[in-house]
Amino acid sequence: MNQYAVVTADEAFQSRDGVIKLHGADGFAGMRAAGRLAAEILDELTKHVVPGVSTAEIDDIVREMTLKGGAVPATLGYRGYTHSCCTSINHVICHGIPSDKKLRDGDIVNVDVTPMLDGWHGDTSRMFLVGDVPVKARRLVDVTYECLMLGIEAAKPGNRIGDIGHAIQTHAEGHRYGVVREFCGHGLGRLFHDAPEIVHAGRPGTGPLLKPGMIFTIEPMINIGKPHGKVLEDGWTAVTRDRSLSAQFEHSIGITEDGCEIFTASPKGLHKPPY
């Protein structure tokens, strides 16, 4: 089977089949609208993520804003998941489940949202600093954002997926941080999770060639300690094995003729904390 396939909006409703899809102008327009809504939701959260707020309250805000924006939360009901976002605190790598647990001064938390608007998925996450956060945690958050942007810089036609992972891994390990391998970025569009997989570590010049029309997420998860994680008994929450802090940022992007477009950039310029 040809590794690349150009698909129309209707054809993209097919189930994940391992084919890396190339999207046209309609796909980019759909992703642009969904991505903007996702970014607006995270912009709004900047004033709500404070000591004493529960992650369930954050989830309520995400759900209300998603529905008000004419979309639905893609995570709600996804493989049995019953919430509108993921909230990952401190040593939680990803997929933290919202609950009545209240955020405390000094916490760092990632909020991951995916509104599905007119069939298109806007997938993005940001880190939030809760109150007075220690310097070492702030530095982890800063470096993780830098990893994301270096990965995006490498996402251009003619490069390969391994170039993205190499850029991220080199920067993170240069700060003696661990790069999580158990979870990765992914293709998306009308499907929530699709080919290709974007591993955040790798060798340059390896992996599938990046071509205009490819749409996927880059979402590095970086640990202060070792890179290893495990999933808890709830089947969702992934934590660092050594209980070290973890951080993550995520953007949805599309490869263009001369680089890439970030669909989920903050309209208010609230790209990373402090907000």
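Residues numbered from 1 in each chain as written. Predicted model: local features only at pLDDT ≥ 70, side-chain atom pairs only at ≥ 80, totals over all residues. Heavy atoms only, no water.

Peer 1: Can you help me understand the overall build of the protein in this one?
Peer 2: Looking only at helices and strands, one finds 4 helices and 19 strands in the protein. Against the globule reference of 19 Å for 275 residues, the protein gives a C-alpha radius of gyration of 17 Å, in line with a compact fold. Taking the principal axes of the C-alpha coordinates as reference, the protein spans close to 50 × 45 × 35 Å. Across the protein, every contact between residues at least 6 apart in sequence was considered, and the portion connecting residues at least 24 apart equals 71%. Charged side chains of the protein number 28 positive and 34 negative; the gap between the two group centres comes to 5 Å. (Helix = DSSP H or I, 4+ residues; strand = E, 2+ residues; numbered from the N terminus. Rg over C-alpha atoms; globule rule 2.2 N^0.38 Å. Contact = heavy atoms within 4.5 Å. Lys, Arg positive; Asp, Glu negative; His and termini not counted. Charge placed at Lys NZ, Arg CZ, Asp CG, Glu CD.)

Peer 1: Any chance you could explain the sheet that holds strand β17 (residues 246-248) here in plain terms?
Peer 2: The strands making up a sheet are joined through hydrogen bonds of the backbone, oriented either antiparallel or parallel. Taken in spatial order, the 3 strands line up as β10-β14-β17 in an open sheet, and their pairing is antiparallel. A single partner strand is all that each edge strand has here, and the edge strands are β10 (178-179) and β17. Summarising the sheet, strand β14 (residues 221-223) and β17 pair through 3 bridges and their orientation is antiparallel. Within β17, the residue paired with Met 221 across the bridge is Gln 248. In the packing of helix α3 (residues 135-153) onto the sheet, the strands contacted are β14 and β17, and the crossing angle to β17 comes to about 40°. (Pairing = 2+ DSSP bridges. Axes fitted to C-alpha atoms, helices over the stretch in contact; angles between N-to-C directions.)

Peer 1: Can you walk me through the environment of Thr 114 in this structure?
Peer 2: With respect to the helices and strands, Thr 114 occurs in the loop between β6 (108-113) and β7 (115-117). When its relative accessible area of 3% is taken as the criterion, Thr 114 is described as buried. Taking the C-alpha atoms as reference, Thr 114 lies 6.9 Å from Thr 75; in sequence the two are 39 residues apart. Non-local contacts of Thr 114, meaning those with residues more than four positions away in its chain, are made with Val 72, Pro 73, Ala 74, His 121, Gly 122, Asp 123 and Phe 192. At 2.9 Å, the side chain of Thr 114 forms a polar contact with the side chain of Asp 123. (Buried < 20%, exposed > 50% of the residue type's maximum accessible area, 1.4 Å probe, protein only. Polar contact = N/O pair within 3.5 Å; in protein donor to acceptor, adjacent residues only side chain to side chain.)

Peer 1: What exactly am I supposed to notice about the layout of surface pockets here?
Peer 2: A water-sized probe, rolled over the atoms, reveals where empty space remains. When its volume is computed, the largest pocket comes out at roughly 600 Å³. Lining the largest pocket are 26 residues, and of these Tyr 78, His 95, Phe 183, His 186 and His 193 lie nearest its centre. Residues belonging to the lining of the largest pocket are distributed by class as follows: 10 nonpolar, 8 polar and 8 charged. For the second largest pocket, the calculated volume is near 240 Å³. Lining the second largest pocket are 16 residues, with Thr 87, Ile 89, Val 92, Lys 101 and Thr 237 positioned closest to its centre. (1 Å grid on protein atoms, 1.4 Å probe; cavity = no way out; pocket = protein on both sides within 12 Å on 5 of 7 lines; lining within 4 Å. Points joined across faces, edges and corners; volume = space filled by probe spheres on them. Nonpolar A, V, L, I, M, F, W, Y, C, P; charged D, E, K, R; others polar.)

Peer 1: When you look at the pattern of salt bridges in this model, what are you seeing that I'm missing?
Peer 2: Between side chains of opposite charge, a pair can form when the charged atoms approach closely. Tallied over the entire structure, the rule returns 10 salt bridges. The residue Glu 146 makes a salt bridge to Arg 139 at a minimum N-O spacing of 3.9 Å. We classify Glu 146 as partly exposed; its relative accessible area is 28%. Taking the relative accessible area as the measure of exposure, Arg 139 reaches 35% and is therefore partly exposed. Taken together, the salt bridges that share partners define one network made up of Asp 59, Asp 60 and Arg 63. (Salt bridge = Lys/Arg side-chain N within 4 Å of Asp/Glu carboxyl O.)

Peer 1: Teacher, can you tell me more about the environment of Val 109 here?
Peer 2: Structurally, Val 109 can be placed in strand β6. In this structure Val 109 comes out as buried when scored by relative accessible area, which is 0%. Linking Val 109 and Gly 18, residues 91 residues apart in sequence, is a C-alpha distance of 32 Å. Apart from residues no more than four positions distant in its own chain, Val 109 is found in contact with Val 49, Thr 87, Ser 88, Ile 89, Leu 103, Arg 126, Met 127, Phe 128 and Val 130.

Peer 1: Help me out: how do you make sense of the state of the cysteines in this one?
Peer 2: A covalent bond bridging the sulfur atoms of two cysteines is what the word disulfide describes. Applying the stated criterion across every chain yields a total of 0 disulfides. In this model Cys 85 remains outside any disulfide bridge; the closest cysteine sulfur is found in Cys 86, 6.8 Å from its own. For Cys 85, a relative accessible area of 0% translates into the label buried. Here Cys 260 stays unpaired: no disulfide links it, and the sulfur of Cys 147, its closest cysteine neighbor, is 16 Å away. Assessed through its relative accessible area of 25%, Cys 260 is described here as partly exposed. (Disulfide = S-S within 2.5 Å.)

Peer 1: What exactly am I supposed to notice about the packing of α3 against helix α4 (residues 161-174) here?
Peer 2: Each pair of packed helices can be summarised by the angle the axes make with each other and by the distance between the axes. The contact between α3 and α4 brings their axes to 8 Å, and the two run at 155°. Here α3 lies roughly antiparallel to α4, going by the angle between them. Read as a crossing pair, α3 and α4 show a hand that is right-handed. In contact with Val 143, Glu 146, Cys 147, Leu 150 and Gly 151 of α3, α4 contributes Ile 164, Ala 167, Ile 168, His 171 and Ala 172. When grouped by side-chain class, the residues that make up the contact of α3 with α4 number 7 nonpolar, 2 polar and 1 charged. (Parallel < 35°, antiparallel > 145°, perpendicular 65-115°, else oblique. Left-handed = near helix turned anticlockwise from the far one by under 90°.)

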